[in-house]
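# Fold and geometry: a report
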Amino acid sequence: MANNLGLAVKPVTETPESEKKRVAEWINTEEYKELNFKREALVVMPPHTCQPLGAELVAHAFEGSLPFVHGSQGCASYYRSTLNRHFREPAPAVSDSMTEDGAVFGGQNNLHEGLENCIALYKPKMVSVFTSCMPEIIGDDLTSFIKNARNAGLVPEEMPVPYANTPSFNGSHIHGYDAMLLSILQTLTDGKKVEGRCTGKLNLIPGFDANTGNFREYKRIFSEFGIEGLILGDISDVFDSPLDGEYRTYPGGTPLEDAADSINGKATITVGPRSSAKTFKWVEDNYAGTNESMPMPLGIANTDAFLMKIAELTGHEVPESLKAERGRAVDAMTDAHQYIHGKKFAVYGDPDQLMGYISFLLEMGAVPYHVLINKGTKKVAKEVQALLDSSPYGAKATIYHKHDLWHLRSLLMTDPVDAIIGDTHGKGLARDAGIPLFRFGFPIFDRVNLHRRPIIGYQGAINMLTEICNKFLDITDETCDERHFEIMR
Ligand code: SF4
């Protein structure tokens, strides 16, 4: 074997082809699956990312907000490149690049210098600070570091600097999202509550959602209703800005003034009950108006509930245009049900999305069969089970709580299904199992524009259905014999 300089390289070990073949076949067996499921001290291919990545997503989602990573440069590059690859857009964020001396003496100097530099260079309206593992392990005290920065005049007096501890050895990206959003809202609304004032707006907390199409769809629904809605953490323009020759560091995002006034809103809904749990608890205790937590509007029943809740909270009737859209979605589902009914699926994803996928599959008479909950709590597992129990199509499902994608691979090889719903990380499994992967989650690195097509609402249900059924039809066309190759399907 020669390397790229043409020099001979002696392999450390020689593995005969016959041995490679034996192992490749063995990892598809029941025997291997049993050993794989006995694994305790090792996680292989976990379908989640770390807390600060979620914090960065929401730190981008407010007007003029600059995400600031207190911690390692390499970690910051990881979050940014993950967002870059998913959205194919820039994710301008800064890091105070802690190194060995920061790890020994604490990172206050890095933070102070970083704040001073980024404010001078990038002129943000707000700096949203969160942490990587390193400062969390050494116990850096963000509260006093930022207070000291203000006392030293490194941060303009009026500039908001929300901050969140986002230790990655605990929780996942959805918890980092929640912690950062909570801090942003606490900071911006501080002292803004006015007795008797009502903005008349409906606040929406979308939860961790990396689909810009969903955000545009929420806004379209508000406009169909003729109501003023305010998304708390709006990434639609941030990560889907026009290419017109001008680079904008801070395109879009929820206006800071509106976010500050959101505490005087008419009502607040979260559709990310599990990825904004702490934020919503605080909103319930502090915001004016009615506060409601409900499932992400994936599928017909969840969308019905969402629209009826908007109608109830705002006093506006569900508009005829959305009723007609519902009818079209139900029609599309009826037309296509024979291509998905009874098909078995493996599903995984963030808990809010996962429950939405399951809901949608049950509505279509499809069978969620292997249900992987990688990071959720026991409560989440119980809620998923209750959802499965609500339909006869959920009866064959098994929940694999606290398992990873390598476990799922064993399941796919020993107890096959027709397709997977998840994110790009499932593509190797799909290839090995010879089944399609429907990329509805985060991240999606290997297909274009999927983050632009909504999957929420009635239009989202049509989109998911179209993608799934047409793929099954493609497979039929590609694999059927000549006699069954039909123009009509
Ligand atoms: S898990 Fe910790 S060390 Fe790894 S990228 Fe995330 S913050 Fe950095």
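Residues numbered from 1 in each chain as written. Predicted model: local features only at pLDDT ≥ 70, side-chain atom pairs only at ≥ 80, totals over all residues.

### Some details on the sheet that holds strand β11 (residues 398–401)
On the basis of which strands lie adjacent, the open sheet formed by five strands has the order β11-β10-β9-β12-β13 and parallel pairing. Looking at strand neighbours, the two that pair on one side only are β11 and β13 (437–439), the edges of this open sheet. The sheet shows a mean angle of 20° between the axes of neighbouring strands, taken without regard to direction. Where strand β12 (residues 419–422) and β13 come together, three bridges link them in parallel fashion. Bridge pairing in β13 places Gly422 opposite Arg439. (Pairing = 2+ DSSP bridges. Helix = DSSP H or I, 4+ residues; strand = E, 2+ residues; numbered from the N terminus. Axes fitted to C-alpha atoms, helices over the stretch in contact; angles between N-to-C directions.)

### Considerations on the pairing of strand β8 (residues 290–293)
Relative to β8, strand β7 (residues 267–270) is paired through four bridges, and the arrangement is parallel. Each residue of the ladder has a partner; that of Thr268, found in β8, is Asn291. Taking the sense of rotation as the criterion, the β-α-β connection linking β7, helix α12 (residues 277–286) and β8 turns out right-handed. (Right-handed = clockwise from strand over helix to strand, strands pointing away.)

### A word on unusual backbone geometry
Here Phe442 and Pro443 are connected by a cis peptide whose omega angle stands at 0°. Counting through the fold element by element, Pro443 comes out in the loop between β13 and α19 (457–479). The phi angle at Lys402 is positive, at roughly 60°, despite the residue not being glycine. Relative to the elements of secondary structure, Lys402 occurs in the loop between β11 and α17 (405–414).

### Quick word on the nonpolar core
Membership of the largest hydrophobic core comes to 120 residues, with the highest contact counts inside it found for Leu57, Val58, Met180, Phe345, Val347, Tyr357 and Ile358. Looking at which element gives the most residues to this core, the answer is helix α9 (residues 173–189), with nine residues. When neighbours within four sequence positions are excluded, Val347 is seen to be in contact with Leu354, Tyr357, Ile358, Pro368, Val371, Ile421 and Gly422. (Core = buried A, V, L, I, M, F, W, Y, C linked by C-beta atoms within 7 Å. Buried ≥ 20, exposed ≤ 12 C-beta atoms within 10 Å, placed from the backbone. Contact = placed C-beta atoms within 7 Å.)

### Observations regarding the packing of helix α2 (residues 30–38) against α17
Their axes nearest at 10 Å, the elements α2 and α17 cross at an angle of 155°. Comparing the axis directions of α2 and α17 gives the class roughly antiparallel. The element α2 and its partner α17 pack so that their crossing is left-handed. Residues Glu30, Tyr32, Lys33, Asn36 and Phe37 of α2 touch α17, and the partners they reach there are Trp406, His407, Ser410 and Thr414. (Parallel < 35°, antiparallel > 145°, perpendicular 65-115°, else oblique. Left-handed = near helix turned anticlockwise from the far one by under 90°.)

### Comments concerning the environment of Ala332
Here Ala332 shows up in helix α14 (residues 320–336). Distance from Ala332 to Asn36, taken between C-alpha atoms, is 41 Å for residues 296 residues apart in sequence. Setting aside residues no more than four positions away along its own chain, Ala332 makes contact with Ile462 and Leu465.

### Let's talk about the domain arrangement of the protein
Domain parsing of the protein yields domain 1 (51–189), domain 2 (202–319) and domain 3 (325–482). Using C-alpha coordinates to define each centre, domain 2 is positioned 25 Å away from domain 3. Only α10 (212–225) and α13 (300–314) provide two or more residues apiece to the side of domain 2 that touches domain 3. Of the residues forming the side of domain 2 that touches domain 3, the biggest block, six residues, is contributed by α10. When grouped by side-chain class, the residues that make up the side of domain 2 that touches domain 3 number 10 nonpolar, 10 polar and four charged. (Domains from an automatic or database assignment. Nonpolar A, V, L, I, M, F, W, Y, C, P; charged D, E, K, R; others polar.)

### Side note on the sheet that holds strand β5 (residues 202–205)
Think of a sheet as strands paired side by side through backbone hydrogen bonds, with each pair either parallel or antiparallel. Overall, parallel pairing links the four strands, which are arranged β6-β5-β7-β8 in an open sheet. Since the sheet does not close on itself, it has two edges, and those belong to β6 (229–231) and β8, each with one partner. Ignoring which end each strand starts from, the neighbouring axes of this sheet average 20° apart.

### So, the environment of Gly394
Note on placement: Gly394 falls in the loop between α16 (378–389) and β11. Accessibility expressed as a C-beta count within 10 Å gives 20 for Gly394, which makes it buried. Counting along the chain gives 64 residues from Gly394 to Val330, while the straight-line C-alpha distance between them is 21 Å. Apart from the residues within four sequence positions on either side, Gly394 is in contact with Leu362, Pro368, Leu387, Leu388 and Asp389.

### Notes on α10
Between its terminal C-alpha atoms α10 stretches 20 Å, which fits the 20 Å expected from 14 residues at 1.5 Å a residue. For α10, the full list of buried residues reads Thr212, Gly213, Asn214, Phe215, Glu217, Tyr218, Ile221, Phe222 and Phe225. Packing partners of the buried residues in α10 comprise β5, β6, α13, α14 and α19. One or two steps after α10, the chain reaches Gly226, where phi turns positive at roughly 75°. (Expected span 1.5 Å × (residues − 1).)

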